[in-house]
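Residues per chain, in single letters:
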Amino acid sequence: MDPFSLQNKVILITGASSGIGRSCSVECSRRGADLILIGRNHDELMKTASLLDPKSKVEVVTEDITQTDNLETMIARNVLILGKISGFIHCAGIEKTLPLKKHSSALYRDIFEINVIAGFEIAKILSLKKYKDETASFVFIASVAGMVGEPGKAAYSASKGAVISGARSLAMELCRSNIRVNSISPAMINTPILEKMFEDIGEDASLEITREHPLGIGNPEDVAYACVFLLSDASKWITGTNIVVDGGYSAH
Ligand SMILES: NC(=O)c1ccc[n+]([C@@H]2O[C@H](COP(=O)([O-])OP(=O)(O)OC[C@H]3O[C@@H](n4cnc5c(N)ncnc54)[C@H](OP(=O)(O)O)[C@@H]3O)[C@@H](O)[C@H]2O)c1
């Protein structure tokens with residue numbers, strides 16, 4: 001059996017309606033996984049579903065995952081349809097680049113609710129025996145902003161630092177349930193989040209950031225390939241780590 005295969009695995013992906021989450025969905029499907037795709041925009045989720053290998057079984061869930069009271073019912077329903085879950089990618093997230101004086105407590109709360117809390121709440125539910133397969137792998141999409149400083153990113157960086165360190169602690173706690181937990185820290189990837197950020201910071205700052213990436217701006221599949229590796233048995237001895245996928249950005 002190819003250790004990189006995702007055959008016979010059910011993988012739940014948040015943020016599957018766009019960008020990196022859409023690419024993760026496509027790459028997981030190519031390697032044989034069945035998928036639960038989650039986001040708020042139904043049409044965009046259906047677009048992702050249309051890009052998948054027809055052999056993959058797919059369930060589309062249109063839901064705001066910051067409404068954490070609904071998460072267990074949603075997961076239980078999908079486990080009944082597709083079977084127990086062996087992979088989870090938390091890709092849903094929001095980004096804001098704003099000077100510190102424009103950071104409000106509501107902004108910190110909004111960012112943490114989706115980037116951190118929703119992902120950890122889903123991980124908690126998926127770690128229950130009734131929902132998880134014999135072994136499982138959870139992958140949190142963090143960011144290099146959680147490792148290195150960037151102006152205007154206090155709330156976003158704090159949330160991504162929390163994802164990296166929280167994932168490490170989950171790895172220590174969940175290893176006894178045969179669950180591996182890792183994070184991936186991308187630098188700038190060409191998706192709608194990046195387009196919005198470049199709009200916010202203007203052309204000069206955008207060009208400067210682009211130049212800071214020795215291999216240029218990345219593409220969603222660069223992150224998706226790392227996800228496929230972490231979800232597959234090829235990484236069966238890897239847990240509690242943070243894989244940096246950044247075109248060399250954090251190497252200077
Ligand atoms: N692009 C980059 O340069 C970059 C770099 C480093 C890290 N990242 C991280 O990578 C992840 C994906 O980013 P992306 O670039 O692919 O962004 P994107 O294209 O804007 O996608 C964000 C996804 O999050 C989902 N989402 C947001 N709030 C949600 C909510 N309350 N409930 C359910 N789904 C929600 C969106 O779905 P709906 O709109 O359908 O709700 C969308 O699918 C994020 O965590 C981001 O911080 C991105």
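The paragraphs below set out a description of the structure included in this document. (Residues numbered from 1 in each chain as written. Predicted model: local features only at pLDDT ≥ 70, side-chain atom pairs only at ≥ 80, totals over all residues. Heavy atoms only, no water.)

### What about the overall build of the protein?
Phase 1: When helices and strands are tallied, the protein shows eight helices and seven strands.
Phase 2: Taking 18 Å as the expected radius of gyration for a compact globule of 252 residues, we find that the protein reaches 17 Å, a close match to that expectation.
Phase 3: Dimensions of the protein along its principal axes, counting C-alpha atoms only, are 50 × 40 × 35 Å.
Phase 4: Across the 252 residues that make up the protein, the buried fraction comes to 49%.
Phase 5: In the protein, 72% of the contacts between residues at least 6 apart in sequence involve partners at least 24 apart.
Phase 6: By element, 53% of the accessible surface of the protein is carried by carbon and sulfur atoms, the whole surface being about 12000 Å².
Phase 7: When the 26 basic and 30 acidic side-chain charges of the protein are each reduced to a single mean position, those positions are 5 Å apart. (Helix = DSSP H or I, 4+ residues; strand = E, 2+ residues; numbered from the N terminus. Rg over C-alpha atoms; globule rule 2.2 N^0.38 Å. Buried < 20%, exposed > 50% of the residue type's maximum accessible area, 1.4 Å probe, protein only. Contact = heavy atoms within 4.5 Å. Areas by Shrake-Rupley, 256 points an atom, 1.4 Å probe, with all protein chains shown as cover. Lys, Arg positive; Asp, Glu negative; His and termini not counted. Charge placed at Lys NZ, Arg CZ, Asp CG, Glu CD.)

### Thoughts on the packing of helix α1 (residues 19-30) against helix α8 (residues 220-231)
Phase 1: In contact at an axis separation of 8 Å, α1 and α8 are set at 50° when each is read in the N-to-C sense. It follows from the interaxial angle that α1 and α8 lie oblique. Like other packed secondary-structure pairs, α1 and α8 cross with a definite hand, here right-handed. Contacts between α1 and α8 involve G19, I20, S23, C24, E27 and C28 from the first element and P220, E221, V223, A224, Y225, C227, V228 and L231 from the second.
Phase 2: Taken together, the residues of the contact of α1 with α8 break down into ten nonpolar, two polar and two charged. (Axes fitted to C-alpha atoms, helices over the stretch in contact; angles between N-to-C directions. Parallel < 35°, antiparallel > 145°, perpendicular 65-115°, else oblique. Left-handed = near helix turned anticlockwise from the far one by under 90°. Nonpolar A, V, L, I, M, F, W, Y, C, P; charged D, E, K, R; others polar.)

### Points about the sheet that holds strand β4 (residues 85-90)
Whether parallel or antiparallel, the strands of a sheet pair through hydrogen bonds between backbone atoms.
Phase 1: Pairing within the open sheet is parallel, and its seven strands lie in the order β3-β2-β1-β4-β5-β6-β7. Each of the sheet's edge strands pairs with one partner strand only, and the pair in question is β3 (58-62) and β7 (242-245). In this sheet, neighbouring strand axes are inclined to one another by 15° on average, regardless of whether the strands run parallel or antiparallel.
Phase 2: Lying over the sheet, helix α2 (residues 42-50) contacts β2 (34-39) and β3, oriented at roughly 165° with respect to β3.
Phase 3: Packed onto the sheet, helix α5 (residues 154-174) meets β5 (132-141), β6 (179-186) and β7 and runs at close to 160° relative to β6. (Pairing = 2+ DSSP bridges.)

### Comments concerning the site of the ligand
Phase 1: Near the ligand lie 28 residues; those nearest to it are S17, S18, R40, Y156 and T191.
Phase 2: One of the backbone N or O atoms of I20 is found 2.7 Å from an oxygen atom in the ligand.
Phase 3: One nitrogen or oxygen atom from the side chain of Y156 is found 2.6 Å from an oxygen atom belonging to the ligand.
Phase 4: Contact with the protein chains hides 92% of the accessible area of the ligand, taken as 890 Å² for the molecule alone.
Phase 5: For the shell around the ligand, the secondary structure elements donating two or more residues are α1, α5 and α6 (192-201).
Phase 6: Partitioned by chemical class, the residues of the shell around the ligand number 14 nonpolar, ten polar and four charged. (Near = heavy atom within 4 Å. Polar contact = N/O pair within 3.5 Å; in protein donor to acceptor, adjacent residues only side chain to side chain.)

### Looking at the side chain of S23
Phase 1: Within the secondary structure, S23 is located in helix α1.
Phase 2: Residues contacting S23, with those up to four places away along its chain left out, are P220, E221 and A224.

### Things to note about the environment of N178
Phase 1: Among the structural elements, N178 can be located in the loop between α5 and β6.
Phase 2: In this structure N178 touches E134, T135 and A136, once residues within four positions along its chain are discounted.

### Focus on the packing of aromatic side chains
The geometry of an aromatic ring pair is captured by the separation of the ring centres together with the interplanar angle, meaning the angle of the planes.
Phase 1: For the coordinates displayed, the defined rule picks out four aromatic pairs.
Phase 2: The rings of F88, F120, F138 and F140 are connected pair by pair, giving a single aromatic cluster. (Phe/Tyr/Trp six-rings, centres within 6.5 Å; stacked < 30°, edge-to-face > 60°.)

### A look at helix α4 (residues 105-126)
Phase 1: Over its 22 residues, α4 runs 30 Å from end to end, which matches the ideal 32 Å to within 8%, given 1.5 Å per residue.
Phase 2: The largest bend in α4 is about 45°, located at E113.
Phase 3: Along α4, the residues that are buried comprise L107, I111, I114, N115, V116, A118, G119, F120, I122, A123, I125 and L126.
Phase 4: Taken together, the buried residues of α4 touch β1 (10-14), α3 (71-82), β4, β5 and α5. (Expected span 1.5 Å × (residues − 1). Bend = angle between axes of the 7 residues up to and from the residue.)

### Description of α5
Phase 1: With 21 residues, α5 ought to run about 30 Å at 1.5 Å a step, and its terminal C-alpha atoms sit 30 Å apart, in line with that.
Phase 2: For α5, the complete set of buried residues consists of A155, Y156, S157, S159, K160, V163, I164, G166, A167, L170, A171 and L174.
Phase 3: Buried residues in α5 make contact with α4, β5, β6 and β7.

Function cannot be read off these values alone, since they describe shape.
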